[in-house]
Amino acid sequence: MGYPIRVLVAKPGLDGHDRGALVIAQGLRDEGMEVIYTGLRQTPAQIVSTALQEDVSCIGLSSLSGAHMELFPEVARLLREQGAEDILIVGGGVIPDADIPPLKAAGIAAVFTPGTRIEKVAEFIRTHVQIRDLPLDDGGTPFPGVQGIDHIGIAVLDAATAIAFYTQGLGLSVTHEEVVQDQGVKTIFLPLNAVQIELLEPIGDDSPIAKFIAAKGPGLHHIAYAVDNVETALAHAKTLGYRLIDETPRSGGQGKLIAFVHPKSTHGVLTEFCQHAHKGVDESS
């Protein structure tokens, strides 16, 4: 497997105690998994929505309130309703032995009670998680209009500190800097021949870059390929079965149109298609 298993640790219902869930979340991270924690008092609908948005392969439900017989099956039902029954569900908490068989019958793959070692939980997830099928080879048809690598995105905590490596160390120069508000990021571009380095500094805790750094630390975030037309590239990727993050193009730095393909479809590397502003608008200008 070329990428970590993504697990959503969730606390459904009115249960206000999450120490155990936090211990499980940290333990699974230590086991090499990528863990997202929902926080307290989530509804089954909120949990399923987050699971789909985060594209997780497993949901770990925790309950100490005694409402597990209602809440856990409801999460499983909503996943089936969304056609996402391939997402593994495991449960944990203060759960009587007599409740475990009906929970399994409702779609909870395993129930872990207090005292279970984290290694056992992690091994069960590794053994039973389903990785959705990667796209099939269509016979080698390339993405249309790929011109080459446009830029390499690097997530940094503090651009003012990180930039010294690129300017003083590598001798690059800053040619463009801007804040992309809707992505919550400050971008700094430093060209190196035909390829640019793009430093990405989060400007808010909720930005995608902030979440990326919180989960993986600073480092390589994405590789962007320049294309003639990003809509055409997206449509072709969808035809081939690649999982898209963006169904339609959106605005990126330097006035480009951009769209991302999920790293699960690209062997662990977040892939961006980008179209410079003049392409497809006025080629004669």
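Above this text sits the structure in question.
Cut-offs and rules
- Residues numbered from 1 in each chain as written.
- Predicted model: local features only at pLDDT ≥ 70, side-chain atom pairs only at ≥ 80, totals over all residues.
- Heavy atoms only, no water.
- Core = buried A, V, L, I, M, F, W, Y, C linked by side-chain atoms within 4.5 Å.
- Buried < 20%, exposed > 50% of the residue type's maximum accessible area, 1.4 Å probe, protein only.
- Helix = DSSP H or I, 4+ residues; strand = E, 2+ residues; numbered from the N terminus.
- Contact = heavy atoms within 4.5 Å.
- Pairing = 2+ DSSP bridges.
- Axes fitted to C-alpha atoms, helices over the stretch in contact; angles between N-to-C directions.
- Polar contact = N/O pair within 3.5 Å; in protein donor to acceptor, adjacent residues only side chain to side chain.
- 1 Å grid on protein atoms, 1.4 Å probe; cavity = no way out; pocket = protein on both sides within 12 Å on 5 of 7 lines; lining within 4 Å.
- Points joined across faces, edges and corners; volume = space filled by probe spheres on them.
- Nonpolar A, V, L, I, M, F, W, Y, C, P; charged D, E, K, R; others polar.

Another aspect to go through is the nonpolar core. If you look at the biggest cluster of nonpolar residues, it comprises 23 residues, and the most contacted ones within it are Ile 59, Leu 61, Val 75 and Leu 79. The set of elements that each furnish at least two residues to this core consists of strand E1 (6-10), helix H2 (44-54), strand E3 (58-63), helix H3 (68-81) and helix H4 (100-105). In terms of residues, this core owes the most to one element, H3, which gives six residues. With residues near it in sequence (within four places) discarded, Leu 61 still touches Ala 10, Pro 12, Ile 47, Phe 72, Val 75, Ile 89, Val 90, Gly 91 and Gly 92.

What the five strands build is an open sheet, ordered E2-E1-E3-E4-E5; its pairing is parallel. The open sheet has two edge strands with one neighbour each: strand E2 (34-37) and strand E5 (110-112). With direction set aside, neighbouring strand axes in the sheet form an average angle of 25°. As defined by bridge partners, E3 adjoins strand E4 (residues 88-93) across six bridges and the pair is classed as parallel.

Assignment of secondary structure puts Thr 38 in the loop between E2 and H2. Here Lys 11 takes part through its backbone nitrogen, which lies 3.5 Å from a polar atom of the side chain of Thr 38. Ignoring any residue separated from it by four or fewer positions in sequence, one finds Thr 38 in contact with Leu 8, Val 9, Ala 10 and Lys 11.

Here we come to the layout of surface pockets. Each pocket or cavity is described by its volume, and for the largest pocket that value is around 1500 Å³. Lining the largest pocket are 50 residues, and of these Arg 6, Glu 54, Pro 208, His 221 and Ile 245 sit closest to its centre. Elements supplying a minimum of two residues to the lining of the largest pocket: E2, H2, strand E8 (185-192), strand E9 (195-202), helix H7 (208-216), strand E10 (219-227) and strand E12 (257-261). Considering each element in turn, the lining of the largest pocket owes the most residues, seven residues, to H7. Of the residues belonging to the lining of the largest pocket, the class tally is 23 nonpolar, 12 polar and 15 charged. There is about 500 Å³ of room inside the second largest pocket. Lining the second largest pocket we find 30 residues, and of these Gly 20, Ile 24, Gly 92, Gly 93 and Phe 112 sit closest to its centre. Taken together, the elements giving at least two residues each to the lining of the second largest pocket come down to E1, helix H1 (19-30), E3, E4 and helix H5 (118-128). At six residues, H1 tops the list of elements feeding residues into the lining of the second largest pocket. For the lining of the second largest pocket, the class distribution of residues is 16 nonpolar, 10 polar and four charged.

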